[in-house]
Amino acid sequence: MQHLDEHNILSDNQHGFRKRRSCETQLLTTIQEIASNTAKGKQVDVILLDFAKAFDKVPHARLMHTWTTTVLGEKRWVQSFLRNRKQQVVLDAFFNDLPDVIKSSSSKLFADDSAVFKVIKNDDDVQLLKEYLAALEQWEEKWQMSFNPTKCTIIRIAPRCRKIIDTKYSHHCHTLEVVDAIKYLGVTITESLTWENKIVNIPSKANRTLGFLRRNLRECTPPVKEASYMAMVRPSLENAATGWDPHQQNNIKAIEQVQRRAAHFVFNDCSTKTPGCVSNMIKDLNWESIEQRRKHSRLSMMYKIRNNLVDINADRYLQSGDARTRGQHRLFQRITDQVLANSFFPRTVREWNLFPASTVSATTIDAFRLLLVT
């Protein structure tokens, strides 16, 4: 991977298993691009592509050709590694030219998870997207790979006031299913760009895991129970939360309720109903609220973007304050749409600007995180 990055071989759209990139960077940029277009009254058609057993079917001979044409040089060690092997390996380079097939649309890659989306203003845009799907069939034939049309889905995202341009797309003569929600990189994206489905599922899944721990660690000490909660439950409440952090109080409360149950579990006290008792338990455990942890995670991501610690172009999404004034640390975005206003960039910019220059100008990410909690 280091060689691929140093020689700029991989597509800029590929975020899988790369330094300075992650599921979060992929989700943030994807959601921001879609939300920005819908805020302007545009329709965006998103196609989620599903490879049929991607890593089981990678043809090694074609893979060798790909590697030698991307200045990887000597290939005998790669051939030796792949010959007579049955293990699965992640090879971003193999899917690297996929964005070139659909140049006029946006494509996002995370290993073999691929999404293609295009702004649909008229029938010409619809026809272009159909042509891209046809071009993908040629790409499949070239690389002896295949998509599974029955699992490829389409979601149309547009403002409520806009009349939808409704059309059918097909791949290998199979009409792609139009859905009202898709799951991409573990996050459910709906046609309204809200996170209700995601947030309803999070507490349910976390509570099932917590119930499993309660049944199997009943006799364990509080430190063991706390460690199990930190390792197995809390991460599921925060996974990629910079992209879906809720702002509605009912959703915030539903997620916080999981941590309150966890406090009962740690102290083996499920009967006490005294007002304030759970808050005291959480205080004794020195646990931050999940809401506060999500906020700090968003602010930390903003610090990384502003200081070029992740591969998200700050100039594309942010406008800095005037360097000649005392407000030079402030960031700006013009927002007119409510959905976009509560997405990562606008929301975090508002919170960022509440901090003094001494905080947001911290020299390291660790120093910045420390200042957030002091």
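Every value quoted in this text rests on a predicted model; they were computed, and no experiment measured them.

Examining the overall build of the chain
Then comes step 1: Tallying secondary structure elements over the chain gives 18 helices and 11 strands in all.
Then comes step 2: Counting every position in the chain, which comprises 374 residues, the buried fraction comes to 48%.
Then comes step 3: Carbon and sulfur atoms provide 48% of the accessible area of the chain, an area that totals close to 19,900 Å².

So, the environment of Ser204
Then comes step 1: Mapped onto the secondary structure, Ser204 falls in helix α7 (residues 196-216).
Then comes step 2: By relative accessible area, which is 35% here, Ser204 ends up partly exposed.
Then comes step 3: Separated by 50 residues in sequence, Ser204 and Ala254 have C-alpha atoms that sit 9.6 Å apart.

Remarks on the packing of aromatic side chains
Then comes step 1: Per the stated rule, a full pass over the model turns up five aromatic pairs.
Then comes step 2: Through a chain of ring-to-ring contacts, three or more aromatic side chains come together here, namely Tyr303, Trp352 and Phe368.

Some words on the side chain of Thr38
Then comes step 1: Tracing the backbone through its elements, the reader meets Thr38 in helix α2 (residues 23-39).
Then comes step 2: Among the residues examined, Thr38 registers a relative accessible area of 9% and is labelled buried.
Then comes step 3: With residues near it in sequence (within four places) discarded, Thr38 still touches Val44, Ile157, Ala158, Pro159 and Leu193.

What to know about the pairing of strand β3 (residues 113-120)
Then comes step 1: Buried residues dominate β3, accounting for seven of its eight residues.
Then comes step 2: As paired strands, strand β1 (residues 43-49) and β3 are joined by seven bridges and run antiparallel to one another. Residue pairing across strands places Asp45 opposite Lys118, the latter belonging to β3.

A look at the packing of helix α11 (residues 249-266) against helix α12 (residues 277-285)
Then comes step 1: The N-to-C vectors of α11 and α12 enclose an angle of 75°; their axes lie 9 Å apart at closest approach. With respect to α12, the axis of α11 lies roughly perpendicular. Mapping the contact onto sequence places Gln259, Arg260, Ala263, His264 and Val266 in α11 and Val278, Ser279, Met281, Ile282 and Leu285 in α12.
Then comes step 2: For the contact of α11 with α12, the residue count by class is six nonpolar, three polar and one charged.

As for unusual backbone geometry
Then comes step 1: Unlike most non-glycine residues, Cys173 shows phi in positive territory, near 65°.
Then comes step 2: Topologically, Cys173 is positioned in the loop between β5 (170-171) and β6 (174-175).

A closer look at the nonpolar core
Then comes step 1: Judged by nonpolar contacts, the single largest core of 46 residues is most densely connected at Val46, Leu237, Trp244 and Trp287.
Then comes step 2: Tallying contributions element by element places α11 first for this core, with six residues.
Then comes step 3: Not counting the four nearest positions on each side in its chain, Trp244 is found in contact with Val187, Trp195, Lys198, Ile199, Ile202, Leu237, Glu238, Asn239, Ile255 and Arg294.

Observations regarding the pattern of salt bridges
Then comes step 1: Summed over all chains, the structure comprises 11 salt bridges.
Then comes step 2: Here Asp311 makes a salt bridge to Arg21, at a shortest N to O gap of 3.2 Å. A residue pair is termed long-range when its members are at least 10 positions apart, and Asp311 in the loop between α13 (290-306) and α14 (314-317) and Arg21 in the loop between α1 (2-6) and α2 qualify at 290 residues.
Then comes step 3: Exposure remark for Asp311: the relative accessible area of 30% places this residue in the partly exposed category.
Then comes step 4: Among the residues examined, Arg21 registers a relative accessible area of 10% and is labelled buried.
Then comes step 5: The closest approach of N and O atoms between Glu351 and Arg298, which form a salt bridge, is 2.7 Å. Placement of the pair is Glu351 in helix α16 (residues 344-352) and Arg298 in helix α13, with a sequence separation of 53 residues. For the pair formed by Glu351 and Arg298, the shared burial category is buried.

What counts, and where the lines are drawn
- Residues numbered from 1 in each chain as written.
- Predicted model: local features only at pLDDT ≥ 70, side-chain atom pairs only at ≥ 80, totals over all residues.
- Heavy atoms only, no water.
- Helix = DSSP H or I, 4+ residues; strand = E, 2+ residues; numbered from the N terminus.
- Buried < 20%, exposed > 50% of the residue type's maximum accessible area, 1.4 Å probe, protein only.
- Areas by Shrake-Rupley, 256 points an atom, 1.4 Å probe, with all protein chains shown as cover.
- Phe/Tyr/Trp six-rings, centres within 6.5 Å; stacked < 30°, edge-to-face > 60°.
- Contact = heavy atoms within 4.5 Å.
- Pairing = 2+ DSSP bridges.
- Axes fitted to C-alpha atoms, helices over the stretch in contact; angles between N-to-C directions.
- Parallel < 35°, antiparallel > 145°, perpendicular 65-115°, else oblique.
- Nonpolar A, V, L, I, M, F, W, Y, C, P; charged D, E, K, R; others polar.
- Core = buried A, V, L, I, M, F, W, Y, C linked by side-chain atoms within 4.5 Å.
- Salt bridge = Lys/Arg side-chain N within 4 Å of Asp/Glu carboxyl O.

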